[in-house]
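# Working through the structure, step by step
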Amino acid sequence: MPPKNTRESLLAAARAEFAAHGLAGARIDRIAAEASCNKERIYANFGNKDKLYELVLAEAVEEIGAATLPLPGEDAGAFVGKCFDFHQRHPHLLRILLWEALQTPTGGEVHDAARRGEFYEERRALLARVLGTAPGVDPGRLMLVLIGLAAWPHAVPTLAGLVTGGDSGTEAGQRELREFVTEAARRVVG
């Protein structure tokens, strides 16, 4: 479905641009050209490239979080499978997070850290309630490991192909990899 208005068109173009080039490499003129509007519309709607990036990043985090919420009745394998499927369908959102990691030095300032911290605190608590955690198991570390199982093959598809013997890029290879990571998640938690 095509974007309904200039703002949505600009956001879609910015999402693609930031996923491909990160904040530093993104160009306002390419975003404007992709959205079929002039650069002044970007400044009028968003202020500047940094503010546009912050909005795109916040929307990516929200979209990933909403689509990968742990649900009552799910086990660790079902949760990881859902995350795997989401990142397979939306690798551009994962790339936006990877660009953030590359562009933020360790210990550096994270955009909207307080709000995002609360966001993940809620997710950790929910994950602990849904999956249950063994005594002494930190729900945040567990969540990080489960997300890693689901997202890493999509974050580094070249490495995934090399490590798995080249079949992870095929439909059958993706199915087998998904089955493997969901079972691994069940074993980690179980």
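As shown above, the structure is provided for reference.
Residues numbered from 1 in each chain as written. Predicted model: local features only at pLDDT ≥ 70, side-chain atom pairs only at ≥ 80, totals over all residues. Heavy atoms only, no water.

### Overview of the overall build of the protein
Within the protein one finds 10 helices and 0 strands. Based on the C-alpha atoms only, the size of the protein along its principal axes is roughly 55 × 40 × 35 Å. Across the 190 residues that make up the protein, the buried fraction comes to 37%. With an accessible surface of roughly 10700 Å², the protein has 56% of that area assigned to carbon and sulfur atoms. Computing the positive centroid from 22 side-chain charges and the negative centroid from 25, the protein places the two 2 Å apart. (Helix = DSSP H or I, 4+ residues; strand = E, 2+ residues; numbered from the N terminus. Buried < 20%, exposed > 50% of the residue type's maximum accessible area, 1.4 Å probe, protein only. Areas by Shrake-Rupley, 256 points an atom, 1.4 Å probe, with all protein chains shown as cover. Lys, Arg positive; Asp, Glu negative; His and termini not counted. Charge placed at Lys NZ, Arg CZ, Asp CG, Glu CD.)

### Describing the nonpolar core
F18, I31, I42, L52, V56 and I96 are the most contacted members of the largest nonpolar core, which has 25 residues in total. Going through the elements one at a time, α1 (6-25), α2 (28-34), α3 (39-46), α4 (49-67) and α6 (91-103) are the ones with two or more residues in this core. Among residues more than four places away in sequence, those in contact with V56 are L11, A14, R15, F18 and I96. Of all hydrophobic cores here, the second largest spans 16 residues; its members include V80, C83, L146 and A150. (Core = buried A, V, L, I, M, F, W, Y, C linked by side-chain atoms within 4.5 Å. Contact = heavy atoms within 4.5 Å.)

### A look at the packing of aromatic side chains
This model, assessed by the stated rule, comprises 2 aromatic pairs. An angle of 80° between the planes, with centres 5.1 Å apart, marks the rings of F18 and Y53 as edge-to-face. Of this pair, F18 sits in helix α1 while Y53 is found in helix α4, placing the two residues 35 residues apart along the sequence. A ring pair is formed by F119 and Y120, whose centres lie 5.0 Å apart and whose planes are at 90°; its orientation type is edge-to-face. Given a relative accessible area of 6%, F119 falls into the buried group. The aromatic ring of F119 is capped on one face by R123, whose charged end is 4.0 Å from the ring centroid. (Phe/Tyr/Trp six-rings, centres within 6.5 Å; stacked < 30°, edge-to-face > 60°. Lys NZ or Arg CZ within 6 Å of the ring centre and 35° of its normal.)

### Notes on helix α5 (residues 76-89)
Taking 1.5 Å as the rise per residue, α5 with 14 residues should run 20 Å; its terminal C-alpha atoms sit 20 Å apart, in good agreement. When you tally the buried positions in α5, you get 10 out of 14 residues, the bulk of the element. Looking at α5, one finds that the buried residues are A76, G77, F79, V80, G81, K82, C83, F84, F86 and H87. (Expected span 1.5 Å × (residues − 1).)

### With respect to a nonpolar patch on the surface
Taken together, W152, L159, L162 and V163 make up a surface patch of nonpolar side chains, about 470 Å² in accessible area. The element contributing the most residues to the nonpolar patch is helix α9 (residues 157-163), with 3 residues. Position of V163 among the secondary structure elements: in helix α9. With relative accessibility at 64%, the residue V163 sits in the exposed group. (Patch = residues over 30% accessible without salt bridge, like charges linked within 9 Å, V, L, I, M, F, W, Y side chains within 5 Å. Salt bridge = Lys/Arg side-chain N within 4 Å of Asp/Glu carboxyl O.)

### Comments concerning the environment of A185
With respect to the helices and strands, A185 occurs in helix α10 (residues 171-189). Judged by its relative accessible area of 0%, A185 falls in the buried class. With 129 residues separating them along the chain, A185 and V56 place their C-alpha atoms 30 Å apart. Once residues lying within four places of it in the same chain are set aside, the contact partners of A185 are A76, G77, V80, L146 and L149.

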